[in-house]
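Spelled out from the first residue to the last, the chains are:
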Amino acid sequence: MSFRKCAVLRRIVVVLVISLASVSPTLARELLTFEGSVQVSVRARSQVDFWKPEGSVTDSGPKPEGRAVRLRGETGGGFAVNATTIAADWRQIESIGLWLHRSADEAKEHPTVELVLRLSEEDQKGSFWRRIEVSHVGWQKLVLPLEWFVWSDGRMPRWEKVKFVGVQLRDPGVVTLDTVWAEPSAQPRDEFAATESLVKLAFPRLDPSSIRTLETRDVQLVTNAKSLELERLATHLGTVAKRLHRELPFLKEPSRGALLFVFQERAEYQRFAPRIARQLNSRLEPPEAGGYTLQGISSSWWDEKQGSLRPVYTHEFVHGYLSRTLPLSTTGDWLQEGLAAHIQLEFHPQENLSQLVGEGLKSSSNPLAELCSGRPINTSRYWQAATLWRMFLSEPRYQSKLKELVERLASANSTDLGPHLEPLWETDFDKLTADWRAFCEQRYRQ
């Protein structure tokens, strides 16, 4: 699952000049003020000017002083500042703060303005972003924890690669910004929300003594399910991780194992992902599937009939593990769902799989171009994505190019397979479909 980001904006139309404050060792470090001489990239359908808003500020911390930058534009407008000279290590920053201002006249004209604060890599494709709803008058201070920023789609964004701080409008309006600062983290961070924060989010009213955890090199297990055999499940998922590395030897080793929550009750599980979404300032309906992974956080619930090795635990673990070992975000596309379904079937064989594949091949609605477009796929097509991956992993011709495929998908910032068929395998979707159908007919004979 992923959140949709704002539409891609047109390139720079004007360049203005501002300044970045020097980094000091104080607790709240100013990163960006609007005095001096650093370039700002202003996007289409918007304009930027400098002025000094009136109004006092009573909050503690860095103050908006001197000039501020006023953004005026239509939906999709915005600006970005190259943050290279800030010399900030984003892995050492816990929160980013900023001041926002609106006059009474601006608020009357646009009562609510939604914008996005985006922290982007150098090519501005991979990014972390946060939705902000502005409806106040006067000055407002915002402090936003970096662990609750949303990953962009496509390749996995990395904090050490962030080079730009940008603002994009999701509604027409006028917003004034000043004095962006950083609040340091007590310990180094990565791209994943802290497990300790997530445990509190998962079990807000539960006695801590009823929560069990087990962490190995490959997995972090958290549960309140009384009958779940933690060691048995951890051993199994360790075997799954080894299988993934054997199938895809170019996977990197994760700095910490994939995180999997197993709840005692289905209702607890269904409340968890929407809570995470609210922390990300987004909205999500309670999941209906047996398992769910959001930004590398996997979850399911206890089913007495299926026990400690429930197939969906394997499936969601694969999603969480790949989010830590592949340079691609978890978006529910053919790559992620196909690999997870393939591995699930390897460890939990499905008796009617040959029948399912045979019936699917008879259908006229199974074009691979649509399946592999990079968009999320329906569960009814998991069999197709799984068998395509089985072919990729079984046939030397395809298997030998998988590392390069992943690198190309990350570089393109999309898992759309189409542009890479000719360069990698000198083929197209028609020929790929013919190979896949022949593979399935041979492998799944009834």
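No experiment lies behind these values; they were computed from the predicted model shown.

Calculation criteria
- Residues numbered from 1 in each chain as written.
- Predicted model: local features only at pLDDT ≥ 70, side-chain atom pairs only at ≥ 80, totals over all residues.
- Heavy atoms only, no water.
- Phe/Tyr/Trp six-rings, centres within 6.5 Å; stacked < 30°, edge-to-face > 60°.
- Helix = DSSP H or I, 4+ residues; strand = E, 2+ residues; numbered from the N terminus.
- Buried < 20%, exposed > 50% of the residue type's maximum accessible area, 1.4 Å probe, protein only.
- 1 Å grid on protein atoms, 1.4 Å probe; cavity = no way out; pocket = protein on both sides within 12 Å on 5 of 7 lines; lining within 4 Å.
- Points joined across faces, edges and corners; volume = space filled by probe spheres on them.
- Nonpolar A, V, L, I, M, F, W, Y, C, P; charged D, E, K, R; others polar.
- pLDDT = per-residue confidence, 0-100.
- Contact = heavy atoms within 4.5 Å.
- Pairing = 2+ DSSP bridges.
- Axes fitted to C-alpha atoms, helices over the stretch in contact; angles between N-to-C directions.

**A few points about the packing of aromatic side chains**
No. 1: Within this structure, the stated rule accounts for 20 aromatic pairs.
No. 2: Measuring from centroid to centroid gives 6.5 Å for Phe-149 and Trp-159, while their planes differ by 70 degrees, and the two rings are edge-to-face. Of this pair, Phe-149 sits in the loop between strand E9 (138-145) and strand E10 (150-151) while Trp-159 sits in the loop between E10 and strand E11 (162-169), and the two are ten residues apart along the sequence. Each member of the pair, Phe-149 as well as Trp-159, is classed as buried.
No. 3: Each ring, one from Phe-203 and one from Phe-261, has its centre 6.4 Å from the other, and the planes form 45 degrees; the classification is tilted.

**Describing empty space enclosed by the protein**
No. 1: Scanning the model with the defined rule gives three cavities of 30 Å³ or more in all.
No. 2: Quantified by volume, the second largest cavity comes out at close to 50 Å³.
No. 3: In terms of lining residues, the second largest cavity is bounded by Leu-32, Phe-34, Phe-79, Leu-117, Val-165, Val-167, Leu-177 and Val-180.
No. 4: Listing elements by their share of the lining of the second largest cavity, those giving two or more residues are strand E2 (29-42), E11 and strand E12 (173-184).
No. 5: Among the residues making up the lining of the second largest cavity, the classes are represented as eight nonpolar, no polar and no charged.

**Examining the confidence of the model for the protein**
No. 1: Per-residue confidence for the protein gives a mean pLDDT of 89; residues scoring 70 or more make up 90%.
No. 2: Confidence drops under pLDDT 50 across residues 1-26; counting only partners more than four residues distant or on other chains, this segment forms 98 contacts.

**Examining the sheet that holds strand E14 (residues 219-223)**
No. 1: Spatially, five strands are ordered E13-E14-E15-E17-E16 in an open sheet, and the strand pairing comes out mixed. With partners counted over all chains shown, the strands left at the sheet margins are strand E13 (212-215) and strand E16 (291-294), one partner each. Across the sheet, the mean angle from the axis of one strand to that of its neighbour is 15 degrees, orientation sign disregarded.
No. 2: Against the sheet, helix H2 (residues 195-202) touches E14, strand E15 (258-263) and strand E17 (297-301), its axis set at about 15 degrees to E15.
No. 3: Contacts from helix H5 (residues 311-325) reach E14, E15, E16 and E17, with the element oriented near 150 degrees to E15.

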